[in-house]
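Coordinates in review
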Amino acid sequence: MRGSFGPILLILAGLVALWYAAAVQMNVKEVLTQAERDGAVITPASAAERRDAGRWGLVFGNLEHLGATWSSERSRLPAPHQVVAELWDSTWVEETTGRRGIVRSGSLSNRSLVYHGGVTLGATALGFVIGALAGVLLAVGIVYSRVMDMSVMPWAIISQTIPIVALAPMIIVVLYSIGLPGLFAKAVISAYLSFFPVVVGMVKGLRAPDHMQLDLMRTYSASKSDTFWKLRLPASVPYLFASLKIGIAASLVGAIVGELPVQRGGLGARMLGGSYYGQTEQIWAALFVAALLAAMLVWFIGWVERRTLHAMGVQP
Amino acid sequence: MDTEQDKNKMREQSVVKASALDLTFQTNDGPVHALKDVNLEIGKGEFVSFIGPSGCGKTTFLRCIAGLEQPTGGEISVNGMTPDEARKARAYGYVFQAAGLYPWRTIGGNIKLPLEIMGFSKAEQNERVTRVLELVDLAGFEKKYPWQLSGGMQQRASIARALAFDADILLMDEPFGALDEIVRDHLNEQLLALWARTEKTIGFVTHSIPEAVYLSTKIVVMSPRPGRITDVIDSPLPKERPLDIRDSPEFIEIAHRVRDGLRAGHIDE
Amino acid sequence: MMVLAALFIWVAAWALNVRLAAMGRTLLVPLIFGLTIIVVWQLLVRGLGVDRVILPAPTEVAATFADNIPTLWADFVQTILKGALGGYLMGVIAALVVAVLVDRYGFLQRGLMPIANFMAALPIVGVAPIMVMWFGFDWQSKAAVVVIMVFFPMLVNTVAGLADTTAMQRDLMRTYGASYLQTLFRLRLPAALPFIFNGLKIAATLSLVGAIVAEFFGSPTVGLGFRINASLGQLSLDMVWAVIVVAALAGSLFYGLLTLAERALTFWHPSQRSQRH
């Protein structure tokens, strides 16, 4: 992507501008109601008329009262700077000056997104490692055992077409009820969400060598394990990393959804909490931290991929 | 075509006219002179082959005629128009190195593709498909898909596609390069027969000396760095050419001259 | 006793599958495997006396399913047909239109695609609480989540597909003096079809995930996600499993239909051709 920096910035700037414009339109009714309560003259004057009026009509009819649409507290759509401020408050400010922050109490505050992000990250990472390892092992089994291939592979493919995340709340509730720790319950969901993409991708990768390459190994009378370590496994690396990227993103979704039924911390809990109490800024801030986590995790896999390929001598 | 009068007549009817043609590509390693000072005239009904090692600009020159590349200097005209105008006037059919048939269309559908774009009526389209498929000896394959045909048949279908809209110039860029020797001989013979029947002007890029000599009325020898013309040979071979003409002394003599031209271009470096 | 029977059936079925696999029965083997799991599940639950609030037996799930077909059908209509399918159609069409624009304008290609690639990897389902706040509890908010979820993978795939033409194919269209629209409809869109179907399949699963998860953030008293939450609250795990069966059937059906359409429309593509031989 040559010279894409300028266009990306321009489009991002456009999106932010659009966001500000949308904030005006989305918040105008509530803001005008508040302004009227404070004694301002609004057109049209009666609340009933305003309910039927178009939002944009209200915006252009009351230009002088719009300032609050970018600063009101319980807005339907907080402005970008409000979200940034919330992010800052619920991370740095909370930890350094808050009563329960790490500076004063010595442990992360349970009101800070650093803490909740960490909770989600822990479950995601644990689940991902379990799921990916199990996936690779099953893939090896499938490639080397015809029965396993024919028995399991169709179900692995079908499982990708169904919303298995629907199982998440049940797994959480059941595992909690038999006394397993919350981290483990969420990790189970993360694990099985990353498991199937890894199986399917890895099977494809282990089967990537073509007939000629396999025949070459046979002319050397190579053993099965030689063929595996020297041909199949190296050939599968690009497929493995492609499916790991999908898997880790799925793991994160699993951890977040796993935090919904039992409210014991994590980004999912923050989102649901914000939605209960109408704290939109809190939802948005949690959403941004989740996005950040996803970006970091995918970037991390990409980094390992580059290191691995480099060590294998692949030229970029 | 030995007399002065004949030559004049041909010049009047020249289809392609290039003078002092230059084309320089700007690359990261500095400018590349793909074509330098190329002068050539192609008369109506001629079969002109362009031969030379890779990088000599033979394909680039063909693409200039087709308006697919813009020259950076000099003049080129096709039927008295600029190549772009000629392209828009659908003056030529182009046959690429690979058949390039669309796999989602049948053979008939592929041949209809240019006809649809050019707005022929449905009845006319069907009539033309039948006619050109007969010309390339593929009658009855209309409803097959390209991937159900052999490489040689696919290339014949792509020639049929180029013939379908009756352009009087046919530009062919190593059309048989990817085929084996036996299929290629057969297609060369068929191409000559087709040329005799349709009296089209053909520009033909190849890197095979026997192919160039066997097919052409005029052989343009080119050499690389910068891409230029080193020799233009008018073939004295008759229009009727059975395959065994390749064993005749005349044939071998022209082949020698072509080989010498190629070698000279090489020593120049 | 039942536990021993379960073990025995497992070993016997596996041995049977080993022989069938050697004979190449591609349909029978996975079917036997699936059946064995259900039978073993049944026997273990009964034999070990597993509490029904932890894992109900398959027969219980089947009975609950049969008893609650009208309820489950209403949930299916609410979540799958309205929420998932409605959002899917809107999101996919929007992505197709934007993809054509991106393909046409290099500026969008350079500016928008890195953002879209980034977005495609994010846990977008997190916008669910916001959409519920904006569009209310009913299916509209679920469709909105689905629109955002399916948009980016669909866009990325379609743009990749539209770019998947060779220089020769494009030159060919130029020699015909073909217009932009003629090239789009006769070359780029057909060539992009395999990629478009790939995107459609990914989006199909995502749309179900989005519609169900969004209901966890608030819904009317109907819908698959609502039913899962409500049944969990009453500890009726058999009902939860019945809902999961509905979701699984819906997902497989959706995917199956897309696969059939793909076979019909991209029969010419090497990946489809090799399957037939």
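Note that the structure is predicted; figures quoted are calculated from it, not measured. (Residues numbered from 1 in each chain as written. Chains lettered and ligands numbered in written order. Predicted model: local features only at pLDDT ≥ 70, side-chain atom pairs only at ≥ 80, totals over all residues. Heavy atoms only, no water.)

Right, let's get into the interface of chain B and chain C. If you look at the interface, chain B gives 24 residues, while chain C gives 18 residues. Here chain B meets chain C over a buried area of about 2,100 Å², counting both sides, of which 66% is carbon and sulfur. In terms of surface lost to chain C, no three residues of chain B exceed Tyr102, Trp104 and Ile117 of chain B, which account for 33% of the buried area on that side. With its nearest N and O atoms 2.7 Å apart, the salt bridge here joins Asp171 of chain C to Arg63 of chain B. At the boundary of chain B with chain C, the tally comes to six residue pairs in polar contact (both at pLDDT 80 or more). (Contact = heavy atoms within 4.5 Å. Buried area = accessible area lost by both parts, 1.4 Å probe. Salt bridge = Lys/Arg side-chain N within 4 Å of Asp/Glu carboxyl O. Polar contact = N/O pair within 3.5 Å; in protein donor to acceptor, adjacent residues only side chain to side chain.)

Residues and elements named next belong to chain B. Segmenting chain B into domains produces domain 1 (3–91 + 168–267) and domain 2 (101–166). Centre-to-centre separation of domain 1 and domain 2, based on C-alpha positions: 25 Å. The interface of domain 1 with domain 2 comprises 14 residues on the first partner and 14 residues on the second. Surface buried jointly by domain 1 and domain 2 totals about 1,200 Å² across both partners, of which 69% is contributed by carbon and sulfur atoms. The largest per-residue losses of area from domain 1 upon contact with domain 2 belong to Arg90, Gln190 and Leu194, which jointly make up 38% of the total buried on that side. At the surface where domain 1 touches domain 2, the tally comes to zero salt bridges. Applying the counting rule to domain 1 against domain 2 returns two residue pairs in polar contact (both at pLDDT 80 or more). Those elements that place two or more of their residues in the side of domain 1 that touches domain 2 are strand S6 (169–173) and helix H7 (181–198). Here the residues of the side of domain 1 that touches domain 2 sort into eight nonpolar, two polar and four charged. (Domains from an automatic or database assignment. Helix = DSSP H or I, 4+ residues; strand = E, 2+ residues; numbered from the N terminus. Nonpolar A, V, L, I, M, F, W, Y, C, P; charged D, E, K, R; others polar.)

Residues and elements named next belong to chain A. The domains assigned to chain A are domain 1 (2–75) and domain 2 (113–311). Spacing between the C-alpha centres of domain 1 and domain 2 amounts to 41 Å. Contact residues are listed per partner, giving five residues for domain 1 and six residues for domain 2. When the buried surface of domain 1 facing domain 2 is broken down by residue, Trp19, Arg74 and Ser75 rank first, second and third, together holding 84% of it. The interface formed by domain 1 and domain 2 contains zero salt bridges. For the pair domain 1 and domain 2, the interface holds zero residue pairs in polar contact (both at pLDDT 80 or more).

Moving on, we get to the interface of chain A and chain C. By convention, interface size is frequently given as the accessible area that disappears when the constituent parts associate. Contact with chain A, which involves 53 residues of that partner, is made by 53 residues of chain C. Between chain A and chain C, a total of about 4,400 Å² is buried, with carbon and sulfur atoms accounting for 85% of that surface. When the buried area of chain A at its contact with chain C is split by residue, Met150, Thr161 and Met170 of chain A rank highest and sum to 13% of it. If you look at where chain A meets chain C, you find zero salt bridges. One can count two residue pairs in polar contact (both at pLDDT 80 or more) joining chain A with chain C.

Residue and element names in this part refer to chain B. Burial analysis of strand S8 (residues 218–223) places six of its six residues in the buried class, the great majority of the element. The two faces of S8 match: Lys218, Val220 and Met222 on one face and Ile219, Val221 and Ser223 on the other face are all buried. Two elements, strand S3 (residues 47–51) and S8, share four bridges in a ladder whose sense is parallel. Looking at the pairing, Val48 lines up with Lys218 of S8. Note: S8 against strand S9 (residues 228–234), six bridges, orientation antiparallel. Looking at the pairing, Met222 lines up with Ile229 of S9. Linking two consecutive strands that pair antiparallel, namely S8 and S9, is a turn of four residues; a positive phi of about 45 degrees is found at Arg225 within it. (Buried < 20%, exposed > 50% of the residue type's maximum accessible area, 1.4 Å probe, protein only. Pairing = 2+ DSSP bridges.)

A few words on the sheet that holds S8 of chain B. Residues and elements named next belong to chain B. Reading across the sheet, the six strands line up as S5-S6-S7-S3-S8-S9 and stay open at both edges, with mixed pairing between neighbours. Of all strands in the sheet, those bounded by a partner on one side alone are strand S5 (92–95) and S9. On average, each strand axis in the sheet is tilted by 15 degrees relative to the strand beside it, whichever way the strands run. Along the sheet face, helix H6 (residues 151–163) touches S5 and S6 and points at about 165 degrees away from the line of S5. (Axes fitted to C-alpha atoms, helices over the stretch in contact; angles between N-to-C directions.)

Residues and elements named next belong to chain B. Overall, antiparallel pairing links the three strands, which are arranged S2-S1-S4 in an open sheet. If you trace the sheet from one side to the other, it starts and ends with strand S2 (30–43) and strand S4 (73–78), each paired once. Along the sheet, successive strands turn relative to each other by an average axial angle of 20 degrees, direction set aside. Across ten bridges, the pairing between strand S1 (residues 14–27) and S2 is antiparallel. Across the sheet, Leu23 pairs through a bridge with Leu35, a residue of S2.

Quick look at helix H11 (residues 224–258) of chain A now. Given a rise of 1.5 Å per residue, 35 residues ought to cover 51 Å, yet the end C-alpha atoms of H11 of chain A are separated by just 41 Å, more than 12% below that figure. At Val237 of chain A, H11 of chain A shows its largest kink, close to 45 degrees, and the proline Pro238 of chain A lies no more than four residues downstream. (Expected span 1.5 Å × (residues − 1). Bend = angle between axes of the 7 residues up to and from the residue.)

Moving on to a nonpolar patch on the surface. A cluster of nonpolar side chains, Leu81, Leu85, Leu89, Ile93, Val97, Leu101 and Tyr105 of chain C, forms an exposed patch at the surface whose accessible area comes to about 610 Å². Relative to the elements of secondary structure, Leu81 of chain C occurs in helix H4 (residues 69–104). (Patch = residues over 30% accessible without salt bridge, like charges linked within 9 Å, V, L, I, M, F, W, Y side chains within 5 Å. Areas by Shrake-Rupley, 256 points an atom, 1.4 Å probe, with all protein chains shown as cover.)

Residue and element names in this part refer to chain C. In this structure, Gln78 sits in helix H4. With relative accessibility at 7%, the residue Gln78 sits in the buried group. Once you skip the residues sitting within four places of it in the chain, Gln78 turns out to touch Gly83, Asp138, Trp139, Glu215, Pro220, Val222 and Gly223.

Residue and element names in this part refer to chain B. Within the structure shown, the criterion is met by zero disulfides over all chains. Left unpaired, Cys56 is separated from the closest cysteine sulfur, that of Cys64, by 13 Å. The buried category is assigned to Cys56, whose relative accessible area is 0%. Using a relative accessible area of 0% as the deciding quantity, one classes Cys64 as buried. (Disulfide = S-S within 2.5 Å.)

If you walk through the whole model with that rule in mind, you get 23 salt bridges over all chains. With its nearest N and O atoms 2.8 Å apart, the salt bridge here joins Glu124 of chain B to Arg128 of chain B. Of this pair, Glu124 of chain B and Arg128 of chain B both sit in helix H5 (residues 122–135), four residues apart, roughly one helical turn. Take Glu124 of chain B: its relative accessible area is 29%, and that puts it in the partly exposed class. A residue is classified by how much of its surface remains accessible, and Arg128 of chain B, at 10% relative accessible area, is buried. The partner of Arg227 of chain C in a salt bridge is Asp75 of chain C, with the nearest N and O atoms 2.6 Å apart. You can see Arg227 of chain C sitting in helix H10 (residues 224–233) and its partner Asp75 of chain C sitting in helix H4, a full 152 residues away along the chain. Exposure remark for Asp75 of chain C: the relative accessible area of 0% places this residue in the buried category.

It is worth spelling out the environment of Leu237 of chain B at this point. Residues and elements named next belong to chain B. Position of Leu237 relative to the elements: it lies in the loop between S9 and helix H9 (249–267). On a C-alpha basis, the gap between Leu237 and Ser216 in space is 8.8 Å, while along the polypeptide they are 21 residues apart. Not counting residues within four places of it along the chain, the set of residues in contact with Leu237 comprises Val213, Ile245, Glu250, Phe251 and Ile254.

All names here are of chain B. With an omega dihedral of -10 degrees, the bond running from Arg225 to Pro226 counts as a cis peptide bond. Following the sequence through the fold, Pro226 ends up in the loop between S8 and S9. Look at Asp137: it is not a glycine, yet its phi comes out positive at around 70 degrees. Note that Asp137 resides in the loop between H5 and H6.

A few words now on the arrangement of the chains. Contacts are most numerous, across the two pairs of chains in contact, for chains A and C. The two units chain A and chain B are non-contacting; their minimal C-alpha-C-alpha distance is 14 Å.

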